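Notes for the structure review
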Amino acid sequence: QDLSLPNGTPVDTSSPASSSSLLNRLQLDDDLDVETRDLFVTVDDPKKHVCTMETYITYRVTTKTTRAEFDLPEYSVRRRYQDFDWLRNKLEESQPTHLIPPLPEKFVVKGVVDRFSEEFVETRRKALDKFLKRITDHPVLSFNEHFNVFLTAKDLNAYKKQGMALLSKMGESVKYVTGGYKLRNRPLEFAAIGDYLDTFSLKLGTIDRIAQRIIKEQLEYLVELREYGPVYSTWGGLEVELSEPLEGVSACIGNCCTALEELSEDMTEDFLPVLREYILYAESMKNVLKKRDQVQAEYEAKLEAVAFKREDRPKVPTDVEKCQDRVECFNADLKADMERWQNNKRQDFRQLLMGMADKNIQYYEKVCVT
Amino acid sequence: MEDCLAKKMEITVSEAEKRTGRNAMNIQETYTAYLIETRAVESQIEGQCAPVDSLWRRYSEFELLRNYLSVTYPHIVVPPLPEKRADFVWHKLSADNMDPDFVERRRIGLENFLLRVASHPVLCQDKIFYAFLTQEGGWKEMVNETGFQLKADSRLKALNATFRVKNPDKRFTELKHYSDELQSVISHLLRVRARVADRLYGVYKVHGNYGRVFSEWSAIEKEMGDGLQSAGHHMDVYAASIDDILEEEEHYADQLKEYLFYAEALRAVCRKHELMQYDLEMAAQDLTSKKQQCEELATGTVRTFSLKGMTSKLFGQETPEQREAKIKVLEEQIQEGEEQLKSKNLEGRDFVKSAWADIERFKEQKNHDLKEALISYAVMQISMCKKGIQVWTNAKECFSKM
């Protein structure tokens, strides 16, 4: 489409954002090479804090970097979940055209799960670690000042309060959230992405349900197996010559139970959370698409207004263009990124399941029936 | 085992057929008939192919044969028949007697029964058994003519003996206890196994849903599409594999079932012993009391309370002639009784000896068979796991190509 103003001046499409995005695209490929990376972040060491008002968990966030933006080469701070939540919101506000990685769910949906249980804390820690690593890998987000503060500040709360006072910054982001403009046609490319995301989250949701069903069936199978094994033992007690083989079978079944338990645990702890994370990712991507739509709608409406009023040079369309451009670039990059991630993730899952199947076999082979 | 029929003759139950006919009450019924084929082995060695004789029998005839054998050879642990009705089923398995899978498994069970009888050193020589295999018409009449039903002990009598016997052979008491426990543990095992099979079936089948989702998902993906699609295929294979696996396991269950029913046969031998022993004890008791009576009458002393004694005291004593007559009768009875007791004792000892010999034979057979059954079960499980590994390895490969 030819983007030119009624008076013939071509709209500047080669904005700084475009050239930087080109650079960024190159940078993204390099990011996979560990040696060129200059920022490393880890989340570990969860600790429980009991205060008069509440009990909560903090995690240690360790940073190692050679970047100029950081005063020191190393940092170690403690952060709690609401700090991560704050960071994410800040990132969304300040970089509205970018895709911010998802956080693990704030509240546990299942209800009866213990917020302080080892498994829950560990699952959360892994997710938070992944969240920060994704930001670290992102060429633009990793340079965000809020991110910097998050990694380095001793007292994050003081900074948070400071940020709240600057309402002017809020005003900017509000513009993108409350558009009120209606988009007539979503460009084919984005419509396709939208459709893809819809189907994608649908399919992931189905897989999540199937995986949960399998785990449930496996646990029921486990219950029966637990009764099955000891019966052979009882029988063994009855026999003389056969007691050894019967005991052997009983022991093997016991081993199978253990292996199966491990499999179910691993699926619950490693497989399911990642599925859910990608579903969240898809949701936030859809939101970005919507925002993009808003921006485009605004641009088109303003363009019409300009054509109608014959104004000289509207400032807004240029900005809008800039944004649109950025969105396009980053959307494509992130999608490519996601594919790669998905690829590797799946390999990990299946390796996990394979390992479990292997363990099963080993135990079965120990059957000491002569 | 040299004289075993099984060595001289090849026996198979090769086919099963649905038939309709009229029963004794002239009501139409449907039943399954089984084809028994026999062929002499010796002539095969000479290089000739012996002709195959065949006849059709139905389950009720097998039952008649077994009843006859149980009554005629009470000291033998008679091989059991496969179950009459489908028991220990899990949800996919049909409980219908006409179901082809059930009929097939029963056919195998009946063949197994015939082979067991034919390889038993004592049972294989029975003429009725031989006729069962070779003579189509008039067999039922032949069996009934033996009058074996008259020899059968009533259930009530046997139950009575079980409770009242005082000194059964300790080994039989232990054996009875063992067979009760064996029955209980095997039926528990079979019940749980059926539930385990049910659950395992569920686990495998749900994986089939992965196949469908992966296929649908692959349609919207570019680079990941092929990998997902092929992985989905493997999930389908995985889900389908459970059918064969569980069918094989049914065979294992049948092997266990045979010994479940064998336990009943063991019990029957114990019961016979109890009956004989009780009989013996009653006869001995009777003899003792008669001797006592005799003595009392002879010496005139009443050692034990008896109604006769009391009445004679109350209403006057008998005349010496009456007493003499009574003593004579008693002495005759005592002599008869002593002879009977002697022969009963002999019978009892013979029974114990031959029964125990067969029980030892049975024990060896049982240990051997069950060991083999457990081994093949383990092999089955290993093969199941290997298949699982194969499928997941294939799936993994597909995923790695995404």
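All values reported here derive from a predicted model rather than from experimental measurement.

**Focus: the overall build of chain B**
Across its full length, chain B holds twelve helices and three strands. Per-residue burial over chain B gives 45% buried out of 402 residues. When contacts within chain B are restricted to residue pairs at least 6 apart in sequence, long-range pairs at least 24 apart make up 75% of them. Roughly 21700 Å² of accessible area belongs to chain B as shown, and the carbon and sulfur atoms make up 52% of that amount.

**With respect to the packing of helix H8 (residues 155-164) of chain B against helix H10 (residues 225-299) of chain B**
Residue and element names in this part refer to chain B. Contact geometry for H8 and H10: axes closest at 8 Å, N-to-C directions at 70 degrees. It follows that H8 is roughly perpendicular to H10 by the angle criterion. On H10, the residues touching Arg155, Lys157, Ala158, Asn160, Ala161, Thr162 and Arg164 of H8 are Arg271, Glu274, Leu275, Tyr278 and Glu281. Here the residues of the contact of H8 with H10 are counted per class, giving four nonpolar, two polar and six charged.

**Side note on the nonpolar core**
Within the largest apolar cluster, 98 residues are counted, with the highest numbers of intra-cluster contacts made by Tyr228, Tyr232 and Trp235 of chain A together with Ile186, Tyr210, Phe214 and Tyr252 of chain B. Listed by contribution, the elements that provide at least two residues to this core are helix H7 (188-238) and helix H8 (243-309) of chain A together with helix H9 (170-218), H10 and helix H12 (320-400) of chain B. Top contributing element to this core by residue count: H9 of chain B, with 20 residues. What Tyr228 of chain A contacts, discounting residues up to four positions off in sequence, is Ile253 of chain A together with Leu189, Val192, Arg193, Val196, Tyr252 and Tyr377 of chain B. In terms of nonpolar packing, the next biggest core, distinct from the first, is built from 34 residues, Leu65, Ala131, Leu133 and Val143 of chain B among them.

**Quick look at the domain arrangement of chain B**
Residues and elements named next belong to chain B. Taken as a whole, chain B is organised into domain 1 (1-161) and domain 2 (166-299 + 319-401). Placing the centre of domain 1 and that of domain 2 at their C-alpha centroids yields a distance of 20 Å. With 29 residues of domain 1 at the contact, the number on the domain 2 side is 35 residues. Between domain 1 and domain 2 lies a buried interface of about 2700 Å² when both sides are counted; carbon and sulfur atoms form 61% of it. Joining domain 1 to domain 2, the criterion identifies five salt bridges. Between Glu258 and Arg116 there is a salt bridge whose closest N-O contact spans 2.6 Å. Applying the counting criterion to the domain 1 and domain 2 interface returns eight residue pairs in polar contact (both at pLDDT 80 or more). Looking at the side of domain 1 that touches domain 2, the elements with two or more residues in it are helix H4 (100-118) and H8. Here the side of domain 1 that touches domain 2 gets five residues from one element, more than from any other, and that element is H8. Broken down by class, the residue content of the side of domain 1 that touches domain 2 amounts to 15 nonpolar, five polar and nine charged.

Analysis parameters
- Residues numbered from 1 in each chain as written.
- Chains lettered and ligands numbered in written order.
- Predicted model: local features only at pLDDT ≥ 70, side-chain atom pairs only at ≥ 80, totals over all residues.
- Heavy atoms only, no water.
- Helix = DSSP H or I, 4+ residues; strand = E, 2+ residues; numbered from the N terminus.
- Buried < 20%, exposed > 50% of the residue type's maximum accessible area, 1.4 Å probe, protein only.
- Contact = heavy atoms within 4.5 Å.
- Areas by Shrake-Rupley, 256 points an atom, 1.4 Å probe, with all protein chains shown as cover.
- Axes fitted to C-alpha atoms, helices over the stretch in contact; angles between N-to-C directions.
- Parallel < 35°, antiparallel > 145°, perpendicular 65-115°, else oblique.
- Nonpolar A, V, L, I, M, F, W, Y, C, P; charged D, E, K, R; others polar.
- Core = buried A, V, L, I, M, F, W, Y, C linked by side-chain atoms within 4.5 Å.
- Domains from an automatic or database assignment.
- Buried area = accessible area lost by both parts, 1.4 Å probe.
- Salt bridge = Lys/Arg side-chain N within 4 Å of Asp/Glu carboxyl O.
- Polar contact = N/O pair within 3.5 Å; in protein donor to acceptor, adjacent residues only side chain to side chain.

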